[in-house]
Amino acid sequence: MKAVKGSSIKIESVVYLHDQVIANISGADITVMVKKNVNDPDSAALITKTVGSGVTIVDGGNGRFDTVITAAETNTLSVSKVHIEALVNLTTGEYIRSGIENIELEPNLIKVLN
């Protein structure tokens with residue numbers, strides 16, 4: 001995925017259980033992390049989003065949630081590539097960690113015409 005620094009990014013996600021069955025995420029705690037390096041610990045995330053603060057459960061019964069990273073947040077990133085990862089804590093107590101989504105950030109070039 002590619003995005004321009006200074007623009008917002010909307011990521012639509014579906015959560016699956018280990019047997020490829022769609023998870024019911026109604027009432028789940030979801031944390032989405034934007035990381036500089038794939039192997040960075042969660043605590044080193046550049047941006048962290050949670051339900052009600054950038055993460056919205058769109059259709060819990062069908063495992064669907066959206067994450068929005070704002071234009072102001074992408075503008076502050078000093079790297080050209082970030083890695084997005086989600087951690088979902090279901091109401092059953094089961095944790096599901098997503099795969100990694102890579103986002104290449106292109107510079108926000110503004111040309112002023114006189």
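Preceding this section is the structure that the text describes.
Draft legend 1. Here's a closer look at the pattern of salt bridges. All told, the structure shown has eight salt bridges when counted by the stated rule. Put simply, Glu85 and Lys35 hold a salt bridge, and the shortest N to O gap is 2.8 Å. With Glu85 in strand E7 (residues 81-89) and Lys35 in strand E3 (residues 29-35), the pair connects residues that are 50 residues apart, well separated along the chain. Residue Glu85 is classed as buried on the basis of its relative accessible area of 8%. Two residues, Glu73 and Lys49, come together in a salt bridge whose shortest N-O distance is 2.8 Å. Here Glu73, found in helix H1 (residues 71-76), pairs with Lys49, found in strand E4 (residues 47-51); they are 24 residues apart in sequence, far enough to count as distant.

Draft legend 2. Inspection of the side chain of Lys5 at higher detail. Tracing the chain through its elements places Lys5 in the loop between strand E1 (2-4) and strand E2 (9-14). The buried charged residue Lys5 lacks any salt bridge partner; its closest oppositely charged side chain belongs to Glu106, at an N-O distance of 12 Å. Polar contacts involving the side chain of Lys5 include one to the main-chain carbonyl oxygen of Leu77, which spans 2.2 Å. Ignoring sequence-local partners within four residues, the contact set of Lys5 consists of Thr74, Asn75, Leu77, Ser78, Val79, Leu105, Glu106 and Asn108.

Draft legend 3. Up close: unusual backbone geometry. A positive phi angle is found at Gln20, which is not glycine, with a value near 65°. Tracing the chain through its elements places Gln20 in the loop between E2 and E3. Judged by its relative accessible area of 60%, Gln20 is exposed.

Draft legend 4. Up close: the environment of Ile84. Its location among the elements puts Ile84 in strand E7. Note: C-alpha distance between Ile84 and Met33 (51 residues apart in sequence) is 5.7 Å. Apart from the residues within four sequence positions on either side, Ile84 is in contact with Ile11, Val32, Met33, Val34, Ile69, Gly99, Ile100, Glu101 and Ile103.

Draft legend 5. Here's a closer look at the nonpolar core. Judged by nonpolar contacts, the single largest core of 24 residues is most densely connected at Ile25, Ile30, Phe65, Val82, Ile84, Val88 and Ile103. Taken together, the elements giving at least two residues each to this core come down to E2, E3, strand E6 (64-69), E7 and strand E9 (101-106). It is E7 that contributes the most residues to this core, four residues altogether. Apart from residues no more than four positions distant in its own chain, Ile25 is found in contact with Val15, Ile30, Ile57, Gly60, Gly63, Arg64, Phe65, Val88 and Leu90.

What counts, and where the lines are drawn
Residues numbered from 1 in each chain as written. Predicted model: local features only at pLDDT ≥ 70, side-chain atom pairs only at ≥ 80, totals over all residues. Heavy atoms only, no water. Salt bridge = Lys/Arg side-chain N within 4 Å of Asp/Glu carboxyl O. Helix = DSSP H or I, 4+ residues; strand = E, 2+ residues; numbered from the N terminus. Buried < 20%, exposed > 50% of the residue type's maximum accessible area, 1.4 Å probe, protein only. Lys, Arg positive; Asp, Glu negative; His and termini not counted. Polar contact = N/O pair within 3.5 Å; in protein donor to acceptor, adjacent residues only side chain to side chain. Contact = heavy atoms within 4.5 Å. Core = buried A, V, L, I, M, F, W, Y, C linked by side-chain atoms within 4.5 Å.

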